[in-house]
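Here is what each chain is made of, one letter per residue.
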Amino acid sequence: MVKSKILLEESELPQAWYNILPDLPKPLEPFLHPATGKPISPDDLAPIFPRALIEQEVSMEQWIKIPDEVREIYKLWRPTPLHRALRLEEYLKTPARIYYKNESVSPPGSHKPNTAVAQAYYNKMEGVKRLATETGAGQWGSALSFGCDLFGLQCTVYMVKVSYEQKPYRKILMHVWGANVIPSPSNKTKAGRSILEKNPDSTGSLGIAISEAIEDAAIHDDTKYSLGSVLNHVILHQTVVGLETKKQLEKVGDYPDVIIGCVGGGSNFSGFSFPFVKDKLSGKKPHLRFIAVEPTACPTLTKGPYAYDFGDTAKLTPLLKMFTLGHDFVPPPIHSGGLRYHGDAPLLSLLCNEKVIEAQAYYQIPVFEAAAIFAHTEGILPAPETAHAIKAAIDEALECKKNREEKVIIFNFSGHGHFDLSAYEAYISKKLEDYEYPEEEIKRTLGYLPKVGV
Ligand SMILES: *Cc1c(COP(=O)(O)O)cnc(C)c1O
């Protein structure tokens, strides 16, 4: 009998996260100070992040112990199931074996609490009273609200105004978990006020909301900032996903040929894939392929330059070397809110630049078609972000069918779509449009990138 659900015991939950830094083919380029352009020191980050997370950001230890308190909370929903997508395989009539790791079973419905809980824990340990963060559609905001609530921390979420007004349900979820949610741009910060002076009707962007949250943390002693993706420590925490997946595949004696995930800032893809990237980098699995999937409307990895850029609009963050569409990028209105960030994780960017990882972009209508096929065969309604990974997995499986190949394809099911029903409504009533970010915009962006001496 083929197993359709591969489960782990609570005792098999990983004891340590995997840190890829010491295993990289090239060292990561340093973060640069936004004002001086010189490499930053840990002290520069101390006003906004707790010590423990700054240490993790630059650690060269391959394994970092998951604190017992964090493991205990992980057990609310972890280990998560690995599913064999038997009904999807049958529907596609593919000889490929398709697996997906189900991160949608967490309380906020995505992979994001894997880092939210860890970050809340380390802040609590260092006496921090409040965390400030940004959120687009509300997935990260709800995950951090949940994490803070568990540790008795206050949580302030700057939510992109257009989502605050048009997507009330995640905002309500944040309120239930005790957070204070502020529409951004707001008049609470200098960054917000300066945007509103120029454009009182600004509907906001992730870049602006990040500026507001960082400023809030920088000027309040009892408050730190928290980021839900992009940074090394976030990816570190997400490796619990890939480590569990590896154990689960061992139980059924399988190993992947192709590993797929969607990319917004890169945390779910990286956390899922890096424990396998380790096998490729060490030469154990030279033919293993990795596909990072993004929307054509925000084609960071497929079209952006690999360059130093700011993480936010107000240029408060350090400069990161990454694939980027420019810090003033305003994304077209697609329904995958979580995939509309202008940059990507430096770790993932480096591995893409080294050709260890491939990138692929899809239009949103075929992505929703893939989501509908998935819901029809496997039952779960995917988040629109997750559906990008499903689309790529289906394409790979159809390629296997054409070539009569029995490959093993695995993807990360990063979250469910229960809060995205208005997007599905638009899909069903044929109101979705396909967007491609214009080439001229990408060229214009290049002109705006900060000049650094590297
Ligand atoms: C936030 C989110 C993403 C994108 O963020 P990454 O950091 O790239 O993982 C993808 N899927 C879901 C369900 C999300 O909530």
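Whatever comes next refers back to the structure up there.
> Explain the packing of aromatic side chains here, please?
Remark: the centre distance and the inter-plane angle together describe each pair of aromatic rings, the angle taken between the planes. Here the structure, examined in full by the defined rule, presents 17 aromatic pairs. Among the aromatic residues, those joined into a ring-pair cluster are Tyr74, Trp77, Phe146 and Trp177. Sitting over the ring of tyrosine 99, arginine 84 keeps its end group 5.7 Å from the ring centre.

> I tried to follow the side chain of serine 145 on my own but got confused; where do I start?
Following the sequence through the fold, serine 145 ends up in helix α6 (residues 139-151). Non-local contacts of serine 145, meaning those with residues more than four positions away in its chain, are made with Cys155, Val157, Met174, Trp177 and Ala179.

> Before we go on, may I ask you to explain a nonpolar patch on the surface in this structure?
The grouping of Tyr169, Ile172, Val176 and Phe419 at the surface amounts to a nonpolar patch, some 420 Å² of accessible area in total. One can find isoleucine 172 in helix α8 (residues 168-176).

> Looking at this structure, how should I read the nonpolar core?
Grouped burial of nonpolar side chains is what soluble globular proteins tend to show. Ranked by size, the top nonpolar core spans 68 residues in total, and within it Trp17, Phe274, Leu351 and Ile357 carry the most contacts. Residue contacts for isoleucine 357: discarding those within four places in its chain leaves Phe269, Phe274, Val277, Phe290, Ala292, Leu348, Leu351 and Cys352. Judged by nonpolar contacts, the second largest core, of 34 residues, contains Ala96, Phe368, Ala392 and Ala423.

> Can you help me understand the layout of surface pockets in this one?
It is a probe the size of a water molecule, rolled over the atoms, that shows where empty space is left. Approximately 310 Å³ is the volume found for the second largest pocket. When contributions to the lining of the second largest pocket are tallied by element, the ones reaching two or more residues are α1 (42-45), α9 (190-198) and α10 (206-219). Element by element, the count of residues in the lining of the second largest pocket is highest for α10, at three residues.

> Help me out: how do you make sense of the packing of helix α2 (residues 51-58) against helix α11 (residues 232-251) in this one?
A pair of packed helices is captured by two measures, namely the crossing angle of their axes and the spacing between those axes. Following both chains from N to C, one finds α2 and α11 inclined at 85°, their axes separated by 8 Å at the closest point. As far as their axial angle goes, α11 and α2 are roughly perpendicular. Contacts between α2 and α11 involve Leu53, Gln56 and Glu57 on the former and, on the latter, Asn232, His233, Leu236 and His237. Residues that form the contact of α2 with α11 fall into these classes: two nonpolar, four polar and one charged.

> Help me understand the sheet that holds strand β8 (residues 180-184) in this model?
In sheet architecture, strand pairing relies on hydrogen bonds along the backbone and comes in two forms, parallel and antiparallel. Judged by pairing direction, the sheet is parallel, and its four strands sit side by side in the order β8-β7-β6-β9 without closing on themselves. Of all strands in the sheet, those with a lone pairing partner are β8 and β9 (223-225), marking the two edges. When strand polarity is set aside, the average angle formed by the axes of neighbouring strands in this sheet is 25°. Note that strand β6 (residues 130-135) and β9 share three bridges and pair parallel. Paired with arginine 130 across the bridge in β9 is threonine 223. Sheet contacts for α6: β6 and β7 (154-160); angle to β6, the most-contacted strand, approximately 165°.

> What am I meant to see in helix α15 (residues 364-378) here?
A rise of 1.5 Å per residue sets the reference length of α15, with its 15 residues, at 21 Å; its end C-alpha atoms lie 20 Å apart and thus fit the reference within 8%. Taken together, the buried positions of α15 are occupied by Gln364, Val367, Phe368, Ala370, Ala371, Phe374, Thr377 and Glu378. Positive backbone phi, at 95°, marks glycine 379, one or two positions downstream of α15.

> In this structure, what is going on with the state of the cysteines? I would like to understand it.
In a disulfide, the sulfur atoms of two cysteines are held together by a covalent bond. All chains considered together, the criterion is met by zero disulfides. Cysteine 148 forms no disulfide, and the closest cysteine sulfur to it belongs to cysteine 155, at a distance of 4.0 Å. Its relative accessible area of 1% is what places cysteine 148 among the buried residues.

> How do you make sense of the sheet that holds strand β1 (residues 5-6) when you look at a structure like this?
Sheet architecture is open: seven strands sit in the order β1-β4-β5-β15-β10-β11-β14, paired in mixed fashion. Both edges of this open sheet fall to β1 and β14 (358-362), since each of them pairs with a single strand only. As paired elements, strand β11 (residues 289-295) and β14 share five bridges and run parallel to each other. Counted as the bridge partner of isoleucine 291 is glutamate 358 from β14. Relative to the sheet, α11 contacts β1, β4 (82-84), β5 (97-102) and β15 (408-413), its axis offset from that of β5 by approximately 140°. Helix-sheet contacts for helix α12 (residues 267-281) involve β5, β10 (258-262), β11 and β15, and the interaxial angle to β10 is about 155°.

> Can you help me understand the site of the ligand in this one?
Neighbouring the ligand are 19 residues; Lys112, Ser229, Gly264, Ser267 and Asn268 lie closest to it. A distance of 3.1 Å is found between an oxygen atom of the ligand and a side-chain nitrogen or oxygen belonging to glutamine 139. In isolation the ligand has 380 Å² of accessible area, and contact with the protein removes 97% of it. At the level of elements, α12 and α16 (384-403) are the ones that each hand at least two residues to the shell around the ligand. Looking at the shell around the ligand residue by residue, the class counts come to four nonpolar, 13 polar and two charged.

> Hey, could you run me through unusual backbone geometry in this one?
What is expected of a backbone is that most residues other than glycine have negative phi and most peptide bonds are trans. Residue proline 79 is bonded to the preceding arginine 78 through a cis peptide linkage, with omega at -10°. Note that proline 79 resides in the loop between α3 (68-74) and β4. In this chain, serine 184 is followed by proline 185 through a cis amide linkage whose omega measures 5°. Along the chain, proline 185 falls in the loop between β8 and α9.

> What is the right way to look at the environment of isoleucine 219 in this model?
Checked against the element boundaries, isoleucine 219 lands in helix α10. Taking the relative accessible area as the measure of exposure, isoleucine 219 reaches 57% and is therefore exposed. Along the backbone, isoleucine 219 and threonine 189 are 30 residues apart, and their C-alpha atoms lie at a distance of 9.8 Å.

> Mind showing me how you'd approach the pairing of β6 here?
Looking along a regular strand, one sees side chains alternate from face to face of the sheet. Counted residue by residue, β6 has six buried out of six residues, so it is predominantly covered. The side-chain alternation of β6 yields two buried faces, one formed by Arg130, Ala132 and Glu134 and the other by Leu131, Thr133 and Thr135. Each parallel crossover has a hand, and the one from β6 via α6 to β7 is right-handed.

Basis of the calculations
- Residues numbered from 1 in each chain as written.
- Predicted model: local features only at pLDDT ≥ 70, side-chain atom pairs only at ≥ 80, totals over all residues.
- Heavy atoms only, no water.
- Phe/Tyr/Trp six-rings, centres within 6.5 Å; stacked < 30°, edge-to-face > 60°.
- Lys NZ or Arg CZ within 6 Å of the ring centre and 35° of its normal.
- Helix = DSSP H or I, 4+ residues; strand = E, 2+ residues; numbered from the N terminus.
- Contact = heavy atoms within 4.5 Å.
- Patch = residues over 30% accessible without salt bridge, like charges linked within 9 Å, V, L, I, M, F, W, Y side chains within 5 Å.
- Areas by Shrake-Rupley, 256 points an atom, 1.4 Å probe, with all protein chains shown as cover.
- Salt bridge = Lys/Arg side-chain N within 4 Å of Asp/Glu carboxyl O.
- Core = buried A, V, L, I, M, F, W, Y, C linked by side-chain atoms within 4.5 Å.
- Buried < 20%, exposed > 50% of the residue type's maximum accessible area, 1.4 Å probe, protein only.
- 1 Å grid on protein atoms, 1.4 Å probe; cavity = no way out; pocket = protein on both sides within 12 Å on 5 of 7 lines; lining within 4 Å.
- Points joined across faces, edges and corners; volume = space filled by probe spheres on them.
- Axes fitted to C-alpha atoms, helices over the stretch in contact; angles between N-to-C directions.
- Parallel < 35°, antiparallel > 145°, perpendicular 65-115°, else oblique.
- Nonpolar A, V, L, I, M, F, W, Y, C, P; charged D, E, K, R; others polar.
- Pairing = 2+ DSSP bridges.
- Expected span 1.5 Å × (residues − 1).
- Disulfide = S-S within 2.5 Å.
- Near = heavy atom within 4 Å.
- Polar contact = N/O pair within 3.5 Å; in protein donor to acceptor, adjacent residues only side chain to side chain.
- Right-handed = clockwise from strand over helix to strand, strands pointing away.

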